[in-house]
Amino acid sequence: MMALGTLLRKPPLPPGSCRSFWGWLNAVFNKVDHERIRAVGPDRAASEWLLRCGALVRYRGSPKWQQDYNALPTGPLGSYRIEAISATDSCIMYRGFDYLDGLEHVTDIKLEKCMYIQDQCLQRLGETSNLQKSLQRLEIISCGNVTDRGILALHRLANLKYLYLSDLPGIREKERTFRVLQQALPKLELELDLE
């Protein structure tokens with residue numbers, strides 16, 4: 001007779017199935033809802049996306065970081081403008097970056113330990129016209145899929161004053177990459193911790 005524990009034991013999952021489930025769920029969290037953007041405005045919709053993915057936002061005029069999706073502030077459309085984004089350990093990915101298009105007041109972005117951030121994401125940041133005008137500080141830390149190509153794509157962020165890069169093993173041609181970036185953005189303060 002079989003023991004009860006043997007009968008109740010779940011069969012083992014195939015290798016990688018748990019990982020693919022989370023990848024699928026993260027992709028769902030990053031799906032852009034253009035109707036939602038129109039209904040609640042770009043800052044509210046982007047806040048919802050970022051918090052849903054585990055990031056934090058700070059609004060203009062507030063020292064407090066918003067981290068609770070269920071406690072997002074309410075008020076008239078456009079009364080809360082995102083000024084800073086901290087995407088530490090978040091699941092933001094390229095497919096959600098359309099949410100950034102309407103943000104006009106973002107001055108600071110921190111991307112740390114974001115497993116889905118890759119060159120394509122940094123290219124998208126550099127191509128976003130509102131961020132070209134407003135973004136002043138950017139930190140990219142421990143995002144293993146970022147290479148020289150992604151860093152070079154930041155040259156279009158004309159108002160970028162500070163760039164911090166740390167633990168990016170995909171950057172192979174450091175001197176050349178940073179020389180090109182400094183030529184494109186001569187006022188940029190570049191801080192590196194890439195060894």
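Figured I'd write up the structure that's included with this text. Predicted model only: the values in this text are computed from it and were never measured. (Residues numbered from 1 in each chain as written. Predicted model: local features only at pLDDT ≥ 70, side-chain atom pairs only at ≥ 80, totals over all residues. Heavy atoms only, no water.)

1. Overview of the overall build of the protein chain
Phase 1 of the analysis: Counting its regular elements, the protein chain contains 8 helices and 7 strands.
Phase 2 of the analysis: Relative to its 195 residues, the protein chain shows a buried fraction of 44%.
Phase 3 of the analysis: Considering only intrachain contacts with a sequence separation of at least 6, the fraction spanning at least 24 residues in the protein chain is 70%.
Phase 4 of the analysis: Approximately 11,100 Å² of the protein chain is accessible, and the part contributed by carbon and sulfur atoms is 52%. (Helix = DSSP H or I, 4+ residues; strand = E, 2+ residues; numbered from the N terminus. Buried < 20%, exposed > 50% of the residue type's maximum accessible area, 1.4 Å probe, protein only. Contact = heavy atoms within 4.5 Å. Areas by Shrake-Rupley, 256 points an atom, 1.4 Å probe, with all protein chains shown as cover.)

2. Concerning unusual backbone geometry
Glycine aside, a negative phi is what most residues show, and trans is what most peptide bonds show.
Phase 1 of the analysis: In the Ramachandran plot, D89 falls in the positive-phi region, its phi being about 55° despite a non-glycine side chain.
Phase 2 of the analysis: Mapping D89 onto the fold places it in the loop between strand 3 (82–86) and strand 4 (108–112).
Phase 3 of the analysis: Since its relative accessible area comes to 55%, D89 is described here as exposed.
Phase 4 of the analysis: For K113, which is not a glycine, the phi torsion comes out positive at approximately 55°.
Phase 5 of the analysis: Among the secondary structure elements, K113 is positioned in the loop between strand 4 and helix 5 (119–127).

3. A few points about the side chain of Q132
Phase 1 of the analysis: Note on placement: Q132 falls in helix 6 (residues 129–134).
Phase 2 of the analysis: By relative accessible area, Q132 is classed as buried at 18%.
Phase 3 of the analysis: Engagement of the side chain of Q132 in a polar contact is seen with the backbone oxygen of G126, the distance being 2.7 Å.
Phase 4 of the analysis: Setting aside chain neighbours within four positions, we find Q132 in contact with G126, E127, R156, L157, A158 and N159. (Polar contact = N/O pair within 3.5 Å; in protein donor to acceptor, adjacent residues only side chain to side chain.)

4. What to know about the pattern of salt bridges
When the charged atoms of two side chains lie near each other, side chains of opposite charge can form a pair.
Phase 1 of the analysis: A complete count under the given rule lists 10 salt bridges for this structure.
Phase 2 of the analysis: Between R36 and E48 there is a salt bridge, with the nearest N and O atoms lying 2.5 Å from each other. With R36 in helix 3 (residues 34–40) and E48 in helix 4 (residues 42–52), this pair connects stretches of sequence that are 12 residues apart.
Phase 3 of the analysis: Look at R36 and you get partly exposed, because its relative accessible area is 31%.
Phase 4 of the analysis: With a shortest N-O distance of 2.6 Å, D98 and R124 are connected by a salt bridge. Linking D98 in the loop between strand 3 and strand 4 with R124 in helix 5, this pair joins segments that are 26 residues apart in sequence.
Phase 5 of the analysis: For D98, a relative accessible area of 29% corresponds to the partly exposed category.
Phase 6 of the analysis: Linked by salt bridges that have partners in common, R36, R44 and E48 make up one network. (Salt bridge = Lys/Arg side-chain N within 4 Å of Asp/Glu carboxyl O.)

5. Structural notes on the sheet that holds strand 1 (residues 56–59)
Phase 1 of the analysis: Spatially, the 7 strands line up as an open sheet ordered 2-1-3-4-5-6-7, and their pairing is mixed. Two strands lie at the open edges of the sheet, namely strand 2 (65–66) and strand 7 (189–193), each paired on one side alone.
Phase 2 of the analysis: Here 4 bridges tie strand 1 to strand 3, and the two strands are oriented antiparallel to one another. Paired with Y59 across the strands is I82, a residue of strand 3. (Pairing = 2+ DSSP bridges.)

Honestly, that's just the spatial picture; any functional story needs more than this.
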